[in-house]
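Spelled out from the first residue to the last, the chains are:
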Amino acid sequence: RIAVMGGRDDLAIILANIACLALAIGFIRASFATLDRQLFWSGLLLLALVIVSRFFEWDTNLILKALVFIVMGVGVLVGGIAFEKRIKMFRQTL
């Protein structure tokens with residue numbers, strides 16, 4: 001369950017979350033285009049912060065929270081490996 005705040009407050013929170021998610025995804029996409037590690041990790045950190053901050057607002061059991069953190073960790077590893085492979089492929093073509 002999520003705490004009920006009110007119509008306008010809820011809308012503001014939803015819009016802020018969407019803006020943060022869009023910014024994070026934009027950072028990650030731009031990093032793949034420019035091969036900029038700082039941009040990639042900044043986007044991934046922002047994405048993780050948004051997910052974690054929203055996750056703590058929900059009243060869920062410990063098993064679900066543990067699974068979400070495991071999935072997030074695997075996602076970070078997979079994303080980092082994919083990004084590094086892209087950098088390696090680009091350097092080999094030069």
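A short tour of the structure in this document, coming up. Not measured: the values here are computed from a predicted model.

## Quick word on the overall build of the chain
And then number 1: Assigned secondary structure in the chain consists of 3 helices and 0 strands.
And then number 2: For the chain, the succession of helices and strands along the chain, N to C, is α-α-α.
And then number 3: What you see for the chain is a C-alpha radius of gyration of 16 Å, clearly larger than the 12 Å of a compact globule of 94 residues, by over 25%.
And then number 4: For the chain, the spread of C-alpha atoms along the three principal axes comes to 55 × 30 × 15 Å.

## Remarks on the nonpolar core
And then number 1: Counting 5 residues, the largest nonpolar core consists of Ile28, Phe40, Leu44, Phe83 and Ile87.
And then number 2: Residue assignment for this core shows that the elements contributing at least two residues are α2 (37–55) and α3 (62–93).
And then number 3: Excluding residues that lie within four positions of it along the chain, Phe40 makes contacts with Ile28, Ser31, Phe32, Gly79, Gly80 and Phe83.

## Some remarks on the pattern of salt bridges
And then number 1: Overall, the coordinates contain 1 salt bridge when judged by the stated rule.
And then number 2: The partner of Glu84 in a salt bridge is Arg37, with the nearest N and O atoms 2.8 Å apart. One end of the pair, Glu84, is in helix α3; the other, Arg37, is in helix α2, and 47 residues separate them in sequence.
And then number 3: The exposure class of Glu84 is partly exposed, given its relative accessible area of 31%.

## Structural notes on the environment of Phe32
And then number 1: Inspection of the secondary structure puts Phe32 in helix α1 (residues 7–34).
And then number 2: Overall, the relative accessible area of 23% leaves Phe32 in the partly exposed class.
And then number 3: On a C-alpha basis, the gap between Phe32 and Ile87 in space is 8.5 Å, while along the polypeptide they are 55 residues apart.
And then number 4: Phe32 has contacts with Phe40, Ala82, Phe83 and Arg86, leaving out every residue within four places of it along the chain.

## A look at the packing of aromatic side chains
And then number 1: The tally for this structure, following the rule as stated, stands at 4 aromatic pairs.
And then number 2: Here Phe32 and Phe40 contribute two aromatic rings whose centre-to-centre distance is 5.9 Å and whose plane-to-plane angle is 80 degrees, an arrangement assigned as edge-to-face.
And then number 3: Pairing Phe40 with Trp41 gives two aromatic rings, centres 4.9 Å apart and planes at 80 degrees, and the pair type is edge-to-face.
And then number 4: Under the relative-accessibility criterion, Phe40 is labelled buried at 2%.
And then number 5: Owing to a relative accessible area of 38%, Trp41 belongs among the partly exposed residues under this scheme.
And then number 6: Within the aromatic cluster, the residues linked to one another by ring pairs are Phe32, Phe40, Trp41 and Phe83.

## Thoughts on unusual backbone geometry
And then number 1: You will see that Leu35, though not glycine, has its phi angle at about 60 degrees, which is positive.
And then number 2: Its location among the elements puts Leu35 in the loop between α1 and α2.

Rules behind the numbers
- Residues numbered from 1 in each chain as written.
- Predicted model: local features only at pLDDT ≥ 70, side-chain atom pairs only at ≥ 80, totals over all residues.
- Heavy atoms only, no water.
- Helix = DSSP H or I, 4+ residues; strand = E, 2+ residues; numbered from the N terminus.
- Rg over C-alpha atoms; globule rule 2.2 N^0.38 Å.
- Core = buried A, V, L, I, M, F, W, Y, C linked by side-chain atoms within 4.5 Å.
- Buried < 20%, exposed > 50% of the residue type's maximum accessible area, 1.4 Å probe, protein only.
- Contact = heavy atoms within 4.5 Å.
- Salt bridge = Lys/Arg side-chain N within 4 Å of Asp/Glu carboxyl O.
- Phe/Tyr/Trp six-rings, centres within 6.5 Å; stacked < 30°, edge-to-face > 60°.

Such coordinate-based values are descriptive only and should not be taken to indicate function.
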